[in-house]
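Structural description and commentary
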Amino acid sequence: MKLKRSDTITSSTQIHFIYQTDSDTIPDFQGKNGDITVRYEKNATLLYCGLGEKALCTNTEYRVAALKGIQKAMELKRDKVSIIIPEKNTTPDVSRSIIEGTLLGGYKFSVYKSEQPFRISSAEIINCSLDNTDFKNTIALCESVLYARDLVNDNASVVNPQFLASEAMKLASQNGFIVTTLDEKELRKKGLNLIAAVGQASSTPPRLIFIEYTGDIKSKEKTAIVGKGITFDSGGQNHKPTGSIETMRSDMAGAAAVLGVMKSLAAIKPKINVVGVIPAAHNALGGNAYFPGDIYKAYSGKTVEIWSTDAEGRLVLADAIAYCQEKYKPSAIIDLATLTGGVLYALSDFVAGLFSNNDTLASALFTSGEITGERVWRLPLYKEYCDSIKGELGDIRNVSKLKKGHASSITGAAFIKEFVNDTVAWAHIDIAGTAFNEGSARGDVPANATGYGVRLLMNYLMNH
Ligand code: BES
Ligand code: ZN
Ligand code: ZN
């Protein structure tokens, strides 16, 4: 869908937004958030989208209303629409959210559909209070979210470690990023044994990918964003059962978010430095699969007891983070990972788990979550949790000694923390619940891949 701004309404299909208090101007319409009604006039189709009570409207309410509007217009098969932002001189946040709702709401993953869904060709935005740069940046950000969704939704047989590396190369050739990829031989040679072990049973071997964006040559500050890139998580020897395995192509959603952020940075070009890091592997079951009970030496030098080959995300992240710290010297590290099913028990699928060694970073990410609607909630890393992953024959174990399932998200985070230098501000975001919606669409969350993390991280990076 092409988006442009306009001063006058030129389309006969018009999307309007109505606060609850103003809804009495439209008969039989309450104006609740998410409600929509279609009214036909002589020469126009008017789609009224409810915003709810004005005082309760956050960015999410505007995004949801716009999403309902564009989806209704798609249902009605309108080629062009006019989107009328309520009130002139409204806040940039309102305009931004309505544009986001429009572009993200228009998404359909149709690569494998015999019949292609109807697509709206263009939308004009009336009363947009964003300047041209902000307008373009918002569109670029949304395109990056859709790109991340596509990567997660597509087949695991397509999006394998090599595919992720080639996507990174594509970004590099289009935008002048520096991309460095370590293949399976280099991983072994350099002692990145955990990534090598997790990926060793697959016919598509592991990769460790670095994408450098330098927007401020003068500054030494650099943020590393690390995304878990398990392109399919079978569980390995601790194989996943039917009922848990079907959606495991989404185990690279952290990597997809990192690629999405890098794509956004390329378009928006902020004066910051970011290195995107993707440990990519297919956790396969096969004759060459790594064993539960084995002890492996990590890149950092610590030895790790494998108590479950299904707790593989923390293993690849451990090596990626340790190597990244040494080679790229980031001042902050944020990792995104579909790490534990446990995070769904703690927070369900609409809030991600946040873990950090730094209060300032944690609170900044919390704020970005509230602004973008990609919410995070911090959980503790108390000593008892950290003690529960101490090893017997090796230094640490990849599954805690606590009762099965107890605080599994926290102990997973505690494992990663073992590989982070104390001097580096670090945050881990467990997106196992938020990255992929197994149910039907709700609010502004689509079914299947959500693209979670791109808007959250971009908001954080642009403001810090
Ligand atoms: N990829 C899974 C976590 C996951 C679960 C992601 C559900 C998305 C939806 C991860 O690798 C995993 O299997 N974690 C185990 C860890 C356990 C063995 C300590 C889990 O959470 O059960
Ligand atoms: Zn697993
Ligand atoms: Zn996994």
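Calculation criteria
- Residues numbered from 1 in each chain as written.
- Chains lettered and ligands numbered in written order.
- Predicted model: local features only at pLDDT ≥ 70, side-chain atom pairs only at ≥ 80, totals over all residues.
- Heavy atoms only, no water.
- Helix = DSSP H or I, 4+ residues; strand = E, 2+ residues; numbered from the N terminus.
- Rg over C-alpha atoms; globule rule 2.2 N^0.38 Å.
- Buried < 20%, exposed > 50% of the residue type's maximum accessible area, 1.4 Å probe, protein only.
- Contact = heavy atoms within 4.5 Å.
- Areas by Shrake-Rupley, 256 points an atom, 1.4 Å probe, with all protein chains shown as cover.
- Lys, Arg positive; Asp, Glu negative; His and termini not counted.
- Charge placed at Lys NZ, Arg CZ, Asp CG, Glu CD.
- 1 Å grid on protein atoms, 1.4 Å probe; cavity = no way out; pocket = protein on both sides within 12 Å on 5 of 7 lines; lining within 4 Å.
- Points joined across faces, edges and corners; volume = space filled by probe spheres on them.
- Nonpolar A, V, L, I, M, F, W, Y, C, P; charged D, E, K, R; others polar.
- Donors = N, O, S within 2.8 Å, 3.2 Å for Na, K, Ca; no water.
- Domains from an automatic or database assignment.
- Buried area = accessible area lost by both parts, 1.4 Å probe.
- Salt bridge = Lys/Arg side-chain N within 4 Å of Asp/Glu carboxyl O.
- Polar contact = N/O pair within 3.5 Å; in protein donor to acceptor, adjacent residues only side chain to side chain.

1. A word on the overall build of the protein chain
- Each helix and strand in the protein chain was counted, giving 13 helices and 20 strands.
- Expected size for 464 residues packed as a compact globule is a radius of gyration near 23 Å; at 23 Å, the protein chain falls within 12% of this value.
- Overall, the C-alpha framework of the protein chain stretches about 80 × 50 × 45 Å when taken along its three principal axes.
- Here the protein chain holds 464 residues, and the buried ones make up 57% of them.
- Put simply, 76% of the contacts in the protein chain that link residues at least 6 apart link residues at least 24 apart.
- Looking at the protein chain as shown, the accessible area adds up to about 20,000 Å², and 50% of this sits on carbon and sulfur atoms.
- Where the 51 positive side-chain charges of the protein chain centre and where its 50 negative ones centre are 3 Å apart.

2. Some points on empty space enclosed by the protein
- According to the stated counting rule, one finds one cavity of 30 Å³ or more in the structure shown.
- Counted as a void, the largest cavity has a volume near 40 Å³.
- With three residues, the top contributor of residues to the lining of the largest cavity is helix H7 (residues 253–268).
- Tallied by class, residues from the lining of the largest cavity come to seven nonpolar, two polar and no charged.

3. A few points about the coordination of the zinc ion (ligand 2)
- Asp233 (OD), Asp310 (O), Asp310 (OD) and Glu312 (OE) make up the full set of protein donors to the zinc ion (ligand 2), lying at 2.0 to 2.2 Å.
- Ordering the donors of the zinc ion (ligand 2) by residue number gives the pattern D-x76-D-x1-E.
- Since its relative accessible area comes to 23%, Asp310 is described here as partly exposed.
- The exposure class of Glu312 is buried, given its relative accessible area of 0%.

4. Structural notes on the environment of Met1
- The topology assignment puts Met1 in the segment before strand S1 (2–6).
- Overall, Met1 belongs to the partly exposed group, its relative accessible area being 36%.
- Remark: the alpha-carbon pair of Met1 and Ser122, spanning 121 residues in sequence, is separated by 5.1 Å.
- Leave out the neighbours within four places in its chain, and Met1 touches Ile70, Thr102, Leu103, Gly106, Ile120, Ser121, Ser122 and Ala123.

5. Things to note about the domain arrangement of the protein chain
- Taken as a whole, the protein chain is organised into domain 1 (2–126) and domain 2 (141–463).
- Interface of domain 1 and domain 2: buried area, both sides summed, is about 1,300 Å²; carbon and sulfur atoms make up 58% of it.
- Taken as a group, Leu104, Tyr107 and Phe109 account for 43% of the area that domain 1 buries against domain 2, more than any other trio of residues on that side.
- At the boundary of domain 1 and domain 2, one finds two salt bridges.
- Arg455 serves as the salt-bridge partner of Glu100, at 3.2 Å between the closest nitrogen and oxygen.
- Inspection of the region where domain 1 meets domain 2 yields nine residue pairs in polar contact (both at pLDDT 80 or more).
- For the side of domain 1 that touches domain 2, the secondary structure elements donating two or more residues are helix H1 (59–75) and helix H2 (92–105).

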